[in-house]
Amino acid sequence: MKKTLKIISILLVLIILCALVVTTYQYNTFTPVAVIQDADSKNLVYFQNSYEECRKNFILLADKINKRFEKVTISKLNIESKKDPDLTINYCYVPAQKKFKRLLILSSAVHGIEGYVGSAVQQMFMEELLEKMNLSEMGVLLIHGMNPYGFKYKRRVSENNVDLNRNCSNDSKLYKSINAGYSNLYTMLNPKGEVSLKSIKNMFFQINAIQKIIQYSMGTLRQAILQGQYQYPEGLYFGGNELEPSIKAITPVLKQITENYGIVFNIDLHTGYGARGTLHLFPNPIEDKKLKNDIETIFSGKHIDWGDGDNFYTVTGDFTSYIGRIIPKKYYIPMVFEFGTLDSQTTMGSIKSLHNMIVENQGFHHNYKTKKDEIKINKDILEMYYPTSENWKSKAIEDARIILSKSMKQFSSIER
Ligand SMILES: [Zn+2]
């Protein structure tokens, strides 16, 4: 009897060891599925590697548009900062040329570091698509660099560590809300002290994460982490204590420009979520049947993530929903584009994405053990939101070109 028990315990230990070795190997060798379609150089011209260059190109293209259309407004909003006097949100507004009926708002860099791809998509739109569009009854507002600090300094969040896509609310109750699920995960999400990629915690991060997945389920975990939190200012997904300067600054512009239009359609550009090399349409859940139908008409033939998949989550304080709330009398159509980079729909991909964010945030607040760690952590986070692969970049532009040109035609037929 004793012998059998001994054998069973040895076997159990072996099985656990095997599982540890296999998951550690899988985790450390994880790479998302590569984009195989070759890059087209005409798509790559829209990408630049600094905030200033992106902004400069946006302004150059806005000036070109100004020569082609009537009454174009090109302007900027200075965003207050303790670190940098040159942070601006730039915008270009082309009013409907005959009758004010529909308005498209194409916005980028609500998550600053995602602005490199967002800006590239906007530049392509301005250079190629705008002139082919029928603007007699449709206006277009392009907003460049909603979070210029994060854009310039390659962080997702604002200077105050605030995730702008959790910060947008016209009701201060949001900032007092409590995300209890997040509190349970606080120590895992926000470790203290200098970050070292060689620490046991980081080397075996996936084991801790898998243990949490077993304990809470993937869906519950995803929701608790990603929804947004308002209690821990240095923590991940912090939504702030009040409206951030960027949102405060853009609010009157949005109210004023939308004023004469009946129908307003926002596409907010993001990266990082979903299958690598795929453009996901990812709106926050929508109950209204007509609105849902209209969105399906606008993007007909394209899959929309309505929230039926396992990797679905909702957020509080997002920018797209906020626009709808500040213009309650308009027929408002919200949409988020997510360009997938790291296969975050897979378990390993989502653990990797989360780990990248945790160590970046820890390093930012508590510093790095070595220079090597700092370089690697910052390289990984940039790669996650702005991949270096030319194939990836080219495909992102191509997908955006196809979907935007098609959806703009469809949008012209939408009525209130
Ligand atoms: Zn984003």
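Our subject is the structure that appears above.
What you see is a predicted model, and the numbers here were worked out from it, not measured in a lab.

*Asks:* Explain the packing of helix 7 (residues 180–189) against helix 10 (residues 218–226) to me, please; I cannot follow it from the model alone.
*Replies:* How two helices pack is summed up by the angle between their axes together with the distance between the axes. Close contact between helix 7 and helix 10 brings their axes to 9 Å; oriented N to C, the two are set at 80°. With respect to helix 10, the axis of helix 7 lies roughly perpendicular. Contacts from Gly181, Tyr182, Leu185 and Leu189 of helix 7 reach helix 10 at Thr220, Gln223, Ala224 and Ile225. Along the lines of polarity and charge, the residues of the contact of helix 7 with helix 10 split into five nonpolar, three polar and no charged.

*Asks:* Sorry, what's going on with the pairing of strand 7 (residues 331–339) here?
*Replies:* Successive residues of a regular strand alternate their side chains across the two faces of the sheet. Here strand 7 lies mainly inside the structure; eight of its nine residues are buried. Alignment of strand 5 (residues 263–271) against strand 7, held across nine bridges, turns out to be parallel. By the bridge assignment, Val264 is partnered in strand 7 with Tyr332. Across three bridges, strand 6 (residues 279–281) lies against strand 7 in antiparallel orientation. Of the residues in strand 7, the one forming a bridge with Leu279 is Phe339.

*Asks:* Is there a simple way to explain the environment of Asn134 in this structure?
*Replies:* Positionally, Asn134 belongs in the loop between helix 4 (115–129) and strand 4 (138–144). The exposure class assigned to Asn134 is exposed, which follows from the 12 C-beta atoms found within 10 Å. A C-alpha to C-alpha distance of 12 Å links Asn134 and Phe69, two positions 65 residues apart in sequence.

*Asks:* Where do I start with the sheet that holds strand 2 (residues 88–94) in this structure?
*Replies:* The strands making up a sheet associate through hydrogen bonds between their backbones, and the pairing can be parallel or antiparallel. Across the sheet, seven strands lie side by side as 1-2-4-3-5-7-6; this open sheet has mixed pairing. Unpaired on one side and paired on the other, strand 1 (73–78) and strand 6 mark the two borders of the sheet. Across this sheet, the average inter-strand angle for adjacent strands is 20°, counted without regard to direction. Pairing between strand 2 and strand 4: five bridges, direction antiparallel. Bridge assignment links Tyr93 to a residue of strand 4, and that residue is Leu141. Against the sheet, helix 4 engages strand 3 (102–108), strand 4, strand 5 and strand 7, with an angle of about 140° to strand 3.

Cut-off values and rules
- Residues numbered from 1 in each chain as written.
- Predicted model: local features only at pLDDT ≥ 70, side-chain atom pairs only at ≥ 80, totals over all residues.
- Axes fitted to C-alpha atoms, helices over the stretch in contact; angles between N-to-C directions.
- Helix = DSSP H or I, 4+ residues; strand = E, 2+ residues; numbered from the N terminus.
- Parallel < 35°, antiparallel > 145°, perpendicular 65-115°, else oblique.
- Contact = placed C-beta atoms within 7 Å.
- Nonpolar A, V, L, I, M, F, W, Y, C, P; charged D, E, K, R; others polar.
- Buried ≥ 20, exposed ≤ 12 C-beta atoms within 10 Å, placed from the backbone.
- Pairing = 2+ DSSP bridges.

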